[in-house]
Amino acid sequence: MATAATRGHRPHVPKGRRQERKVYFDTEERAVIEVAAGMMGLRFGAYVASAAVRDARSLVARSARAASEAEAERAAPVGLSVSEAQELLDEVRQLRRLLGNVAGNLNDVARHANSTGELAPESAAVLDYVRRTNNKLDTELMTLLRRLR
């Protein structure tokens, strides 16, 4: 007697499969799936169902692993003393002040451009300063993050 696999079906399950879904494919998608199903020795529907379940299980497993890794990372102790934490907080406050200054300069450029319709001659210098400051902030924040690890 031929088994389910030899007839191109998925293996049977004790209570059967009663959940039916309709799926639509364009011509190219259908052709690719038919080729893949033939390569696996499955009928079209059996291949689609097995591929969907396999990919869904993989996605759920990856998501669960990522969530548990993130939880472990959040729960891990940082290992800073009170004075080190205070120093780190002071550095972050300095970076925030610097960012506030940059935002004020950028607002001045925008206000001038909006009122006159032209960029002020010093606009290029201010925008360059914004870019340099942003790069400095990124570098400093990465340094601080490395200290936390």
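So, here's what we can say about the structure.

## Some words on the environment of Phe44
Piece 1. On the secondary structure map, Phe44 appears in helix H2 (residues 44–75).
Piece 2. As a C-alpha pair, Phe44 and Ile33 span 11 residues in sequence and 7.0 Å in three-dimensional space.
Piece 3. Apart from residues no more than four positions distant in its own chain, Phe44 is found in contact with Phe25, Arg30, Ile33, Glu34 and Ala37.

## What to know about the packing of aromatic side chains
Piece 1. Counted according to the given criterion, the structure contains 1 aromatic pair.
Piece 2. Seen in terms of ring centroids, Phe25 and Phe44 are 5.6 Å apart; in terms of plane orientation they differ by 85°. Their pairing is edge-to-face. With Phe25 in the segment before helix H1 (27–40) and Phe44 in helix H2, this pair connects stretches of sequence that are 19 residues apart.
Piece 3. In this structure Phe25 comes out as partly exposed when scored by relative accessible area, which is 30%.

## Focus on the nonpolar core
Piece 1. One finds Ile33, Ala36, Ala37, Phe44, Tyr47 and Ala51 forming the largest nonpolar core, which totals 6 residues.
Piece 2. Dropping the residues within four chain positions of it, Ala37 is found in contact with Leu42, Arg43, Phe44 and Tyr47.

## As for the pattern of salt bridges
Piece 1. A complete count under the given rule lists 5 salt bridges for this structure.
Piece 2. We note a salt bridge from Asp55 to Arg54, for which the minimum N-O separation is 4.0 Å.
Piece 3. Given the relative accessible area of 47%, Arg54 is considered partly exposed.

## Here we look at a nonpolar patch on the surface
Piece 1. Taken together, the side chains of Val35, Met39 and Met40 present a nonpolar region at the surface, about 370 Å² in accessible area.
Piece 2. As for its position among the elements, Met40 is in helix H1.
Piece 3. Classification of Met40 as exposed rests on a relative accessible area of 55%.

About the thresholds
- Residues numbered from 1 in each chain as written.
- Predicted model: local features only at pLDDT ≥ 70, side-chain atom pairs only at ≥ 80, totals over all residues.
- Heavy atoms only, no water.
- Helix = DSSP H or I, 4+ residues; strand = E, 2+ residues; numbered from the N terminus.
- Contact = heavy atoms within 4.5 Å.
- Phe/Tyr/Trp six-rings, centres within 6.5 Å; stacked < 30°, edge-to-face > 60°.
- Buried < 20%, exposed > 50% of the residue type's maximum accessible area, 1.4 Å probe, protein only.
- Core = buried A, V, L, I, M, F, W, Y, C linked by side-chain atoms within 4.5 Å.
- Salt bridge = Lys/Arg side-chain N within 4 Å of Asp/Glu carboxyl O.
- Patch = residues over 30% accessible without salt bridge, like charges linked within 9 Å, V, L, I, M, F, W, Y side chains within 5 Å.
- Areas by Shrake-Rupley, 256 points an atom, 1.4 Å probe, with all protein chains shown as cover.

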